[in-house]
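The primary structure of each chain is shown beneath.
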Amino acid sequence: MVHVGAPLSAPSFLGASTPRARRRASLLPNLTRRRSIMASLGDDPIREWILTEGKATQITRISPIGGGCINHASRYDTDSGSFFVKTNRRIGPSMFEAEALGLSAMYATQSIRVPMPYKVGPLPTGGSFIIMEFIEFGPSRGSQSVLGRKLAEMHQAGKSSKGFGFDIDNTIGSTPQINSWSSDWIEFFSEHRLGYQLKLALNQYGDSAIYEKGQRLMKNLQPLFEGVVIEPCLLHGDLWSGNISCDKNGDPVILDPACYYGHNEAEFGMSWCAGFGGSFYSSYFEVIPKQPGFEKRRDLYMLYHYLNHYNLFGSGYRSSAMSIIDDYLRMLEV
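These lines cover the structure that appears in this document, whether it is placed above or below. (Residues numbered from 1 in each chain as written. Predicted model: local features only at pLDDT ≥ 70, side-chain atom pairs only at ≥ 80, totals over all residues. Heavy atoms only, no water.)

## Some details on the sheet that holds strand β2 (residues 72-78)
- Spatial strand order, β1-β2-β3-β5-β4: five strands in an open sheet with antiparallel pairing. Both outer strands of the open sheet, β1 (59-65) and β4 (117-122), are each paired with one neighbouring strand and no more. Recorded for the sheet is a direction-independent mean angle of 20 degrees between the axes of neighbouring strands.
- Two strands pair when backbone bridges link them, and β4 and strand β5 (residues 128-133) are joined in this way by five bridges, in the antiparallel orientation. (Pairing = 2+ DSSP bridges. Helix = DSSP H or I, 4+ residues; strand = E, 2+ residues; numbered from the N terminus. Axes fitted to C-alpha atoms, helices over the stretch in contact; angles between N-to-C directions.)

## Details of the pattern of salt bridges
- Throughout the structure, instances matching the rule amount to 13 salt bridges.
- For Arg 75, the salt bridge is made with Asp 77, and the minimal N-O distance between the two is 2.7 Å.
- Note on Asp 77: relative accessible area 13%, which makes it buried.
- With a closest N to O distance of 2.6 Å, Asp 207 and Arg 318 form a salt bridge. Note that Asp 207 is positioned in the loop between α6 (185-205) and α7 (208-218) and Arg 318 in helix α10 (residues 318-332), a separation of 111 residues in sequence.
- Judged by its relative accessible area of 7%, Asp 207 falls in the buried class.
- Take Arg 318: its relative accessible area is 25%, and that puts it in the partly exposed class.
- Each of the salt bridges in this network shares a partner with another, and the network as a whole consists of Arg 75, Asp 77 and Glu 136. (Salt bridge = Lys/Arg side-chain N within 4 Å of Asp/Glu carboxyl O. Buried < 20%, exposed > 50% of the residue type's maximum accessible area, 1.4 Å probe, protein only.)

## Overview of the side chain of Asn 308
- In this structure, Asn 308 sits in helix α9 (residues 294-313).
- Accessibility expressed as a relative area gives 3% for Asn 308, which makes it buried.
- Residues contacting Asn 308, with those up to four places away along its chain left out, are Ile 172, Thr 175 and Gln 197. (Contact = heavy atoms within 4.5 Å.)

## Concerning the environment of Thr 171
- Position of Thr 171 among the secondary structure elements: in strand β6 (residues 170-172).
- It is 9.9 Å that separates the C-alpha atoms of Thr 171 and Ser 94, two residues lying 77 residues apart in sequence.
- Beyond its immediate chain neighbours, meaning those up to four positions away, Thr 171 contacts Met 95, Pro 176, Gln 177 and Ala 258.
- Within the structure, Thr 171 has its side chain in polar contact with the backbone oxygen of Gly 173 (distance 3.3 Å). (Polar contact = N/O pair within 3.5 Å; in protein donor to acceptor, adjacent residues only side chain to side chain.)

## Things to note about the packing of aromatic side chains
- Under the counting rule described, the total for this entry stands at 29 aromatic pairs.
- Plain terms: the ring middles of Trp 272 and Tyr 317 are 6.2 Å apart, the flat faces sit at 55 degrees to each other, and that makes the pair tilted. Of the two residues, Trp 272 sits in the loop between β11 (260-262) and α8 (278-287) while Tyr 317 sits in the loop between α9 and α10, which places them 45 residues apart along the sequence.
- Tyr 317 gets classed as partly exposed once you look at its relative accessible area, which sits at 27%.
- By the ring-pair criterion, three or more aromatic residues cluster together here, those being Phe 268, Phe 276, Phe 280, Tyr 281, Tyr 284, Phe 285 and Phe 294.
- Positioned above the aromatic ring of Tyr 260 is the side chain of Arg 193, whose terminal nitrogen or guanidinium carbon lies 4.1 Å from the ring centre.
- Sitting over the face of the ring of Tyr 281, Arg 298 holds its NZ or CZ atom 5.1 Å from the ring centroid. (Phe/Tyr/Trp six-rings, centres within 6.5 Å; stacked < 30°, edge-to-face > 60°. Lys NZ or Arg CZ within 6 Å of the ring centre and 35° of its normal.)

## Re unusual backbone geometry
- Residues other than glycine seldom take positive phi values, yet Gln 110 does so here, at roughly 55 degrees.
- Within the element layout of this structure, Gln 110 appears in the loop between α4 (94-108) and β4.
- The class for Gln 110 is exposed, based on a relative accessible area of 64%.
- With a phi angle near 55 degrees, Glu 333 is a residue other than glycine that sits in the positive phi range.

## What to know about the packing of α6 against α7
- Close contact between α6 and α7 brings their axes to 8 Å; oriented N to C, the two are set at 165 degrees. One element, α6, and the other, α7, form an angle in the roughly antiparallel class. Of the two possible hands of crossing, α6 and α7 adopt the one that is left-handed. Here α6 contributes Ser 190, Leu 194, Gly 195, Leu 198, Lys 199, Ala 201 and Leu 202 to the contact with α7, which in turn contributes Ser 208, Ile 210, Tyr 211, Gly 214, Gln 215 and Met 218.
- Grouping the amino acids of the contact of α6 with α7 by side-chain chemistry returns seven nonpolar, five polar and one charged. (Parallel < 35°, antiparallel > 145°, perpendicular 65-115°, else oblique. Left-handed = near helix turned anticlockwise from the far one by under 90°. Nonpolar A, V, L, I, M, F, W, Y, C, P; charged D, E, K, R; others polar.)

This is a description of form; function is not addressed.
See the structure below:
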């Protein structure tokens, strides 16, 4: 006799001869397998989400995806579609929470395509994970013209009433990116972008030369923004070639953001390794017209990323950063 709440076991039904008993016995292997799976899911929160909230009943394949130097990326194929999963064994969920918030903000603009984030959480053995929509990429990076127009549409649609910043700090590569809200763009960019990177260079390398010159530049940026109207636009924040692709229809897709609300021109700070061409800028400025002095500010926004590469990857990027600082000090005569 099986009491209520007692676990079902094979011997209870193996010798049964009634049709009902035989039917229950035939279901037993699947029931036992299901319970075994459910018992093990607690040790794997990624599988648990995919096999419950992800609506899948079976994971058919897990394939590693290359390209990242900070996180491990995988494709999970299931009977209800594919999922893209990133894990990091050293960093807690805060990094992926910030990424998910950025992806959700860009997704909400209904402009350029980004993967929809589904779930962020901790790993039982330490570290964290993020599960998101899997987008099948096309054979090329797509049209530069379409990319420029779609990016401008995102900047146009994504506005903030809080000013410049973001609801959460995030990372640019693996470097912390401070996003405390500010009503003044020049102040925000000076303190939380250039200033933060200069302090890192001073602390990490003892580089007082670049720090002191950079501080002089920070205090004299105002002339570069004369006659410019600056609205807080939603920025991807780390737009280089590795974070740009296209889907099977040829529509642009952008990935791995470091989002915040800032001057739209700051989005072009990684143009030195993004491959933006003339058609990209032409299409972009058809949607959001070019502001006076754009060419004079272009290198200023590149400086932030050169400084970050210096702090992340070493002295190979120092000369580029220092050259930009020196050029501006001469231009501004300070």
